[in-house]
Structures are given as C-alpha cells and as structure tokens.
Amino acid sequence: QVQLVESGGGLVQPGGSLRLSCAASGVTVSSYTMRWYRQDPGKERELVAGIGKDGGSTNYADSVTGRFTISRDDAKNTVYLQMNSLNPEDTAVYFCNAYRRIPLRRNYWGQGTQVTVSS
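Below is a summary of the structure that appears in this document.

What counts and what doesn't
- Residues numbered from 1 in each chain as written.
- Predicted model: local features only at pLDDT ≥ 70, side-chain atom pairs only at ≥ 80, totals over all residues.
- Heavy atoms only, no water.
- Helix = DSSP H or I, 4+ residues; strand = E, 2+ residues; numbered from the N terminus.
- Rg over C-alpha atoms; globule rule 2.2 N^0.38 Å.
- Buried < 20%, exposed > 50% of the residue type's maximum accessible area, 1.4 Å probe, protein only.
- Contact = heavy atoms within 4.5 Å.
- Phe/Tyr/Trp six-rings, centres within 6.5 Å; stacked < 30°, edge-to-face > 60°.
- Core = buried A, V, L, I, M, F, W, Y, C linked by side-chain atoms within 4.5 Å.
- Salt bridge = Lys/Arg side-chain N within 4 Å of Asp/Glu carboxyl O.

**Considering the overall build of the protein chain**
Here is step 1 of the chain: When helices and strands are tallied, the protein chain shows zero helices and eleven strands.
Here is step 2 of the chain: The C-alpha radius of gyration computed for the protein chain amounts to 14 Å, which stays within 12% of the reference 14 Å derived for 119 residues, consistent with globular compactness.
Here is step 3 of the chain: Taking the principal axes of its C-alpha atoms as reference, the protein chain extends roughly 45 × 25 × 25 Å.
Here is step 4 of the chain: Counting every position in the protein chain, which comprises 119 residues, the buried fraction comes to 41%.
Here is step 5 of the chain: Contacts in the protein chain between residues at least 24 apart in sequence constitute 52% of all its contacts with a sequence separation of at least 6.

As structure tokens, then:
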C-alpha cells in the first residue's frame, strides 16, 4: 500500500519559514518524480516544485523561485520543501505527489498539510 504522509505545516508570520516533509512508504522516492503542489479553496491545484528521479534536476513555480527549495533524503525515503520568506499568498494546502511513466504509469497523492501565513 502506497502512502505519502505530509507534515510540517502550520501557522507562520509573514517573512517566516517552514519545512514540509513527505514521508513515503510503498514507493521509493528515487524511482519517482516527486512534486509539491498547493491548493487554495476556490482555486486550481498549482505545481510548486519538483525533483527528478536523478535527484539533481529541480524545477519551481515562478512565484516561489528563490524562496523555496525541494530536496530528497533517499535513506529516509522522504522529500522536503523548505519554504522561506513566506507571504500570505503562500497560504494553501500543500500536497505531495509521486509520479512515474515507466514501466507503468503511477500517480500518488498525499492527504495534504495546511500552511497559513498570517500576522
């Protein structure tokens, strides 16, 4: 059974930082493209950051470039999202996603963790 369990969300003041974790079981994160998405009520789910299977290729939404960093710990089978200089527009539920096309297409989601940026 595949599980992606996010943690680390919470309430933070503008300018603050949080680190989200996505602990995986039933999948090996180094065999998947791992991504963080976020969704605010009434809005579409937005891709925030991704890290390739090689662990070296990363990509970010323009809105978070320079502030967020995605990383992976293969020994812990966990993916992280370090979020700095947070602002109220970052408020959303953040979801972890594991995706691959080969050898069989698979797409898994976590349950999400709430991030609220407010003074």
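**What to know about unusual backbone geometry**
Here is step 1 of the chain: For the bond running from I102 to P103, omega is 0°, close enough to zero to count as cis.
Here is step 2 of the chain: Within the secondary structure, P103 sits in the loop between β9 (92-100) and β10 (106-109).
Here is step 3 of the chain: One non-glycine residue with positive phi stands out, namely N77, at about 55°.
Here is step 4 of the chain: Within the secondary structure, N77 sits in the loop between β7 (68-73) and β8 (78-83).

**So, the packing of aromatic side chains**
To describe a pair of aromatic rings, one takes the distance between the centres and the angle between the planes.
Here is step 1 of the chain: All chains considered together, the criterion is met by two aromatic pairs.
Here is step 2 of the chain: Ring centres of Y32 and Y108 lie 6.1 Å apart, and the angle between their planes is 55°; this geometry places the pair in the tilted category. Of this pair, Y32 sits in the loop between β3 (18-25) and β4 (33-39) while Y108 sits in strand β10; the two residues are 76 residues apart in sequence, bridging distant segments of the chain.
Here is step 3 of the chain: When its relative accessible area of 22% is taken as the criterion, Y108 is described as partly exposed.

**Some points on the nonpolar core**
Here is step 1 of the chain: Grouped together as the largest cluster of nonpolar side chains are 28 residues, with contacts concentrated most on M34, W36, L81, M83 and Y94.
Here is step 2 of the chain: Broken down by secondary-structure element, the contributors of at least two residues to this core are β3, β4, β5 (46-51), β7, β8, β9 and β11 (113-117).
Here is step 3 of the chain: Beyond its immediate chain neighbours, meaning those up to four positions away, Y94 contacts E6, L20, W36, Y37, R38, V48, F68, L81, M83, G112, T113 and V115.

**Some details on the environment of V2**
Here is step 1 of the chain: Considering the arrangement of structural elements, one finds V2 in the segment before β1 (3-7).
Here is step 2 of the chain: The spacing of V2 and N77 is 75 residues in sequence and 12 Å in space, taken between C-alpha atoms.
Here is step 3 of the chain: V2 has contacts with S25, G26, V27 and Y108, leaving out every residue within four places of it along the chain.

**Side note on the pattern of salt bridges**
Here is step 1 of the chain: For the structure shown, the criterion picks out four salt bridges.
Here is step 2 of the chain: The partner of R38 in a salt bridge is D90, with the nearest N and O atoms 2.9 Å apart. A residue pair is termed long-range when its members are at least 10 positions apart, and R38 in strand β4 and D90 in the loop between β8 and β9 qualify at 52 residues.
Here is step 3 of the chain: It is possible to trace a salt-bridge network through shared partners that takes in R38, E46, R67 and D90.

Don't take any of this as a statement about function, it's just geometry.
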